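Architecture at a glance
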Amino acid sequence: MSLTRFIPLLLLTVCHFVPTKAQRSYDPHFAIGAKGGATFSSMAFTPSIEQSMIQGISFGAVARYTEEKFFGLVAELNVEQRGWSENFDDTEFHFQRRLTYLQLPVMTHIYFGSDKFRGFVNLGPSVSYMISESASANFDYRNPAAVEGFPIANRHVNQMTMDIKNRFDYGICAGGGIELILKKKHSILVEGRYYFGLGNIFSAKKKDEFSASRGTSIQVAVGYLFHIK
């Protein structure tokens, strides 16, 4: 047999053998469940403003599919609260704006460990849609210039009342955690995750006040999974 005929035949044989062996070695697994936890978020404004993280909640449904050892996919549908909080120098004034999103992350799932205890890393894109927003303060934030003692000099204040222009958001999320598997069908997981938004909530044209207004958040959650297969 000539070399030109042997090489294609060898490649065809290997390609046929590898999937068959992989299919016999690693059975696909599918699990569904729920998760919930706390979020700590802020906004990446340009130009920047003085702010601190605002605490919120996150909860939703989880679906996970693994077909090969160590790798899989995770999709979630969550309700997540984001936003930001502002304190003003050494005064007692306080403002916060809370943004609530319906979030859909789809992530690569990398896991390692035993059949009882595993560590994992999730990484992938996320899309979100803002379903509600609210603002609260202990002063008249709609007219801060008229508030006695408010430190308005050299400070951006329009972000407190500006209309949300973009309710759709997208970004990247990455995190890791641990999973405890109970009797093969049930598992409890704990995860920490960071989200970096790429979309602006305010208009970002040259004439606008902010050239960037992107959300960031840290999520700490506990979840339960039921292993269907």
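Report follows, based on the coordinates. Residue positions are given per chain, counted from 1 along the sequence in the order it is written. Confidence filtering applies because this is a predicted model: local features only for residues at pLDDT of at least 70, side-chain atom pairs given and counted only at 80 or more, and all residues used for totals across whole chains, interfaces and linings. Processing note: side-chain calculations cover all non-hydrogen atoms of the structure and skip hydrogens and water entirely.

1. Quick word on the sheet that holds strand β5 (residues 117-137)
Pairing between strands is defined by DSSP: at least two bridges between them are needed. Strands are runs of DSSP state E lasting at least 2 residues, helices are runs of H or I lasting at least 4, and numbering of each runs from the N terminus. Taken together, 8 strands build a closed barrel; the order of strands is β1-β2-β3-β4-β5-β6-β7-β8 and the barrel is antiparallel. If you compare each strand with its neighbour and ignore which way they point, the axes differ by 25° on average. Helix axes are fitted to C-alpha atoms over the stretch in contact, other axes to C-alpha atoms as well, and angles between N-to-C directions run from 0 to 180 degrees.

2. Some thoughts on empty space enclosed by the protein
Space inside and on the surface of the protein is sampled on a 1 Å grid over the protein atoms alone, with a cavity defined as a set of points where a 1.4 Å probe fits but cannot get out and a pocket as an open set with protein on both sides within 12 Å along at least 5 of 7 lines; lining residues have an atom within 4 Å of a point. Grid points are joined across faces, edges and corners, and a volume is the space filled by probe spheres set on the points. Applying the stated criterion across every chain, the model contains 3 cavities of 30 Å³ or more. Size it by volume and the largest cavity reaches roughly 100 Å³. Lining the largest cavity are Lys 35, Val 62, Arg 64, Val 74, Glu 76, His 109, Phe 120, Asn 122, Glu 179, Leu 189, Glu 191 and Leu 225. Elements with a minimum of two residues in the lining of the largest cavity: β2 (54-68), β3 (71-87), β5 and β7 (186-197). There is about 40 Å³ of room inside the second largest cavity. Elements represented by at least two residues in the lining of the second largest cavity include exactly β7 and β8 (212-227). With 3 residues, β7 is the single largest residue contributor to the lining of the second largest cavity. Here the nonpolar group is Ala, Val, Leu, Ile, Met, Phe, Trp, Tyr, Cys and Pro; Asp, Glu, Lys and Arg are the charged ones; every other residue, Gly included, is treated as polar. Residue composition of the lining of the second largest cavity, grouped by class: 3 nonpolar, 3 polar and 2 charged.

3. Some thoughts on the pattern of salt bridges
For salt bridges, the criterion is a side-chain nitrogen of Lys or Arg within 4 Å of an Asp or Glu carboxyl oxygen. A full pass over the atoms with the stated rule returns 8 salt bridges. Of the charged contacts in the structure, one is a salt bridge between Arg 82 and Glu 80, with a shortest N-O distance of 3.2 Å. Both residues of the pair, Arg 82 and Glu 80, belong to the buried class. One salt bridge in this structure joins Asp 169 and Arg 82, with 3.0 Å as the shortest N-O distance. With Asp 169 in strand β6 (residues 168-182) and Arg 82 in strand β3, this residue pair connects regions lying 87 residues apart in the sequence. We classify Asp 169 as buried; its relative accessible area is 4%. Three labels apply to residues, based on accessible area from a 1.4 Å probe with only protein chains included: buried if under 20% of the type maximum, exposed if over 50%, partly exposed otherwise in between. Relative accessible area serves as the criterion here: at 3%, Arg 82 is assigned to the buried category.

4. A word on the pairing of β3
A regular strand places its side chains on the two faces of the sheet in alternate fashion. Pairing of β2 with β3 involves 9 bridges; the strand directions are antiparallel. Its bridge partner being in β3, Ala 61 is matched across the sheet by Leu 77. A loop of 2 residues connects β2 with β3, the two strands running antiparallel in sequence, and Phe 70 in this loop sits at a positive phi of about 85°. Two strands pair when backbone bridges link them, and β3 and strand β4 (residues 94-113) are joined in this way by 15 bridges, in the antiparallel orientation. Looking at the pairing, Asn 78 lines up with Gln 103 of β4. From the end of β3 to the start of β4, which pair antiparallel, there are 6 residues, and Asp 89 there has a positive phi angle of about 55°.

5. As for the side chain of Ser 41
When you line up the elements, Ser 41 lands in strand β1 (residues 29-46). A polar contact of 3.0 Å, which involves the side chain of Ser 41, links it to the backbone nitrogen of Gly 83. Two residues qualify as a contact provided that any one of their heavy atoms is within 4.5 Å of a heavy atom in the partner residue. With residues up to four places along the chain from it excluded, the contact list for Ser 41 reads Ser 52, Met 53, Ile 54, Gln 81, Arg 82, Gly 83, Trp 84, Thr 216 and Ser 217. Counted as a polar contact is a pair of N or O atoms within 3.5 Å, where, for protein atoms, one must be capable of donating a hydrogen and the other of accepting one, and residues adjacent in sequence contribute only when both atoms are in side chains.

6. Points about the layout of surface pockets
Its boundaries defined by the atoms lining it, the largest pocket holds a volume of some 640 Å³. Where the lining of the largest pocket is concerned, the elements lending two or more residues are β1, β2 and β4. Per-element tally for the lining of the largest pocket: the top contributor is β2, with 4 residues. When its residues are assigned to classes, the lining of the largest pocket shows 7 nonpolar, 6 polar and 10 charged.

7. Side note on the packing of aromatic side chains
Aromatic contacts are taken between Phe, Tyr and Trp rings whose centres are within 6.5 Å, Trp giving its six-membered ring; a plane angle under 30 degrees counts as stacked, one over 60 as edge-to-face, and the others as tilted. Going through the model one piece at a time under the given rule, you end up with 13 aromatic pairs. On the numbers, 6.2 Å between centres and 15° between planes, the contact of Phe 45 with Phe 202 is stacked. Within this pair, whereas Phe 45 is found in strand β1, its partner Phe 202 is found in the loop between β7 and β8, the two being separated by 157 residues in sequence. Assessed through its relative accessible area of 1%, Phe 202 is described here as buried. Taking 5.0 Å as the distance between ring centres and 35° as the angle between the ring planes, the aromatic pair formed by Phe 139 and Phe 150 counts as tilted. Of this pair, Phe 139 sits in the loop between β5 and β6 while Phe 150 sits in the loop between β5 and β6; the two residues are 11 residues apart in sequence, bridging distant segments of the chain. Here a set of aromatic residues connected by ring pairs shows up, and it is made of Phe 45, Trp 84, Phe 95, Tyr 141, Phe 202 and Phe 210. A cation over a ring is seen here: Arg 82 above Tyr 101, with NZ or CZ 4.2 Å from the ring centre. By definition here, charges over rings are those cases where NZ of Lys or CZ of Arg is within 6 Å of the ring centre and within 35 degrees of the ring normal.

Everything listed here is a matter of coordinates, which is why it stays silent on function.
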